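Spelled out from the first residue to the last, the chains are:
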Amino acid sequence: MRHQRRRLTAVALAVAVIAAMAAACSSAPAGPPVLTWYINPDDGGQAEIAARCTAAAGGRYTIATSTLPRQASEQRQQLVRRLAANDSSIDIMSIDPPYVPEFAQAGFLAPMPPAAEAAAREDRVPSSIEASTWQGRLVVVPFWANTQLLWYRKSAVAAMGIDMNQPVTWDQIIRAAAQNRTQIAAQGVRGESLTVWVNALVESAGGSIITNAGEENPDLIQLGLNAPPGIEAARVLRTYGDAGVAPPGFPTADEDTNAESFQSGSAAFMVNYPFIWGKAKSAVEEGTLEQSVPDDYGWTLYPRVAPDRPSAPPLGGINLGVGAFSNHPDLAYEATTCISNRENSAYYFVSNGNPSSRTSVFTDPEVLAEFPMAPTIRDSLNQAAPRPQTAYYAEVSGGIQRTFHPPGSVTPGATNEAATALITAVLRKEALL
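First, a word on what this report is: a plain description of the structure on this page. (Residues numbered from 1 in each chain as written. Predicted model: local features only at pLDDT ≥ 70, side-chain atom pairs only at ≥ 80, totals over all residues. Heavy atoms only, no water.)

1. Some details on the packing of helix α9 (residues 192-204) against helix α10 (residues 228-242)
No. 1: Remark: α9 packs on α10, axes separated minimally by 8 Å, with the N-to-C direction vectors making an angle of 125°. Classified by the interaxial angle, the pair formed by α9 and α10 is oblique. Considering how the two elements wind past one another, α9 and α10 form a crossing that is right-handed. Every residue of α10 that contacts α9 at Trp 197, Val 198, Leu 201 and Val 202 is listed here: Pro 229, Gly 230, Ala 233, Val 236, Leu 237 and Tyr 240.
No. 2: The residue inventory of the contact of α9 with α10, partitioned by class, reads 9 nonpolar, 1 polar and no charged. (Axes fitted to C-alpha atoms, helices over the stretch in contact; angles between N-to-C directions. Helix = DSSP H or I, 4+ residues; strand = E, 2+ residues; numbered from the N terminus. Parallel < 35°, antiparallel > 145°, perpendicular 65-115°, else oblique. Left-handed = near helix turned anticlockwise from the far one by under 90°. Contact = heavy atoms within 4.5 Å. Nonpolar A, V, L, I, M, F, W, Y, C, P; charged D, E, K, R; others polar.)

2. Considerations on the state of the cysteines
No. 1: In total, this model carries 1 disulfide according to the counting rule given.
No. 2: With its sulfur 2.1 Å from that of its partner, Cys 53 forms a disulfide with Cys 338. Judged by the sign of its S-S torsion, about -95°, the cystine formed by Cys 53 and Cys 338 is left-handed. Of the two residues, Cys 53 sits in helix α2 (residues 45-56) while Cys 338 sits in helix α14 (residues 329-339), which places them 285 residues apart along the sequence. Just as Cys 53 is buried, Cys 338 falls in that class too. (Disulfide = S-S within 2.5 Å. Buried < 20%, exposed > 50% of the residue type's maximum accessible area, 1.4 Å probe, protein only.)

3. What to know about empty space enclosed by the protein
No. 1: Tallying each qualifying case throughout the model produces 6 cavities of 30 Å³ or more.
No. 2: Residue lining of the largest cavity: 13 residues in total, with Ser 128, Trp 144, Ala 145, Gly 316 and Asn 319 positioned closest to the centre.
No. 3: The set of elements that each furnish at least two residues to the lining of the largest cavity consists of β6 (141-147) and β11 (315-322).
No. 4: Among the elements that line the lining of the largest cavity, the one with the most residues is β11, at 5 residues.
No. 5: Looking at the lining of the largest cavity residue by residue, the classes come out as 8 nonpolar, 5 polar and no charged. (1 Å grid on protein atoms, 1.4 Å probe; cavity = no way out; pocket = protein on both sides within 12 Å on 5 of 7 lines; lining within 4 Å. Points joined across faces, edges and corners; volume = space filled by probe spheres on them.)

4. What to know about the packing of helix α18 (residues 393-403) against helix α19 (residues 414-427)
No. 1: Orientation of α18 relative to α19, taken along the N-to-C sense of each, is 145°, at an axis distance of 9 Å. Crossing angle aside, the handedness with which α18 passes α19 is right-handed. Contacts between α18 and α19 involve Glu 395, Val 396, Gly 399, Ile 400, Arg 402 and Thr 403 from the first element and Thr 415, Ala 418, Ala 419, Leu 422, Ile 423, Val 426 and Leu 427 from the second.
No. 2: The residue inventory of the contact of α18 with α19, partitioned by class, reads 8 nonpolar, 3 polar and 2 charged.

Structure, rendered in structure tokens:
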């Protein structure tokens, strides 16, 4: 009995020691917080910036990246599902601009501290601030801002009698392409790029797809597709389709398909993002493309719809949101300031071909050496117009894709009415996409 008590005492002592050690371990510092940044796929630039900002944090936090799907709509879907479940692992997220209102309206974004907001507004192109704002508040941090230019093959255009140093219209380049039996590469696929095109045409004509942007009640959203600018946008699409200047396979053509058409020389004109320059340079380095091809590339601002009205080029890019359920929102906002600073923005432009939201980056010598069209990109971003600012963007975009596809079969007036009717019915839960 005495030996048994001794054994029990020994066991109790051992348990107590283990418990004390466990308690000591649990109260010891666990190391710096790990901030998870959900990124869109790229060429490794965001991972490198995460490493840079981890080093700059001096042990206060580390940044780990987690890659989202390639398509913007799928990125949105994954983030929305996780945020709807109050996922605290989402500290920072790369968000496509048109989805910002939805995230803000749903309460998925942490409030921005004043210091972070001041840093986010500094040195930014106006369109990136507009696309980061909801209900008068800056709700995300502009990271990089993309836009489309009008690209042209200098050798082909030289004989067309068009002065590309002056603003040109869609009607001008359509007529020139038709007369010279060449093509204009544009995105005709039923997807987000079609909405981008329609929105740019409507905005360039002086209108808006949604005329009361910011309206929270879907029943009260007013559409401008039936107004004269919307009809004019439809006319441009139909003119393009009737002129025979669309590349083969146009109804399924996306940005990459267009880049191939332009690179091959079958298209003398193209509306597309600046990635096509890096694509051509990489092909030259790989030995699959002659240097004479990119040497023949010219660029200018997006085509106008009306001769006397500046165009409103497409706006793309990525904004940085901080998750509302993050355990470290202040550190996450501090990290966004580092991620989007001038040095990292210039690096990301040069290394990954994604233009900065910062105005000053476009005069950086390294940027200019890699992208000689940087000043034109800056000018385009200064004119660019975001896609409709609404918490119901997915429904609006889906309705446009359904009714304006294929672009060559658009009928001014009838297509506008069909789009308006469908989108309105979807917003009122009277129809499904």
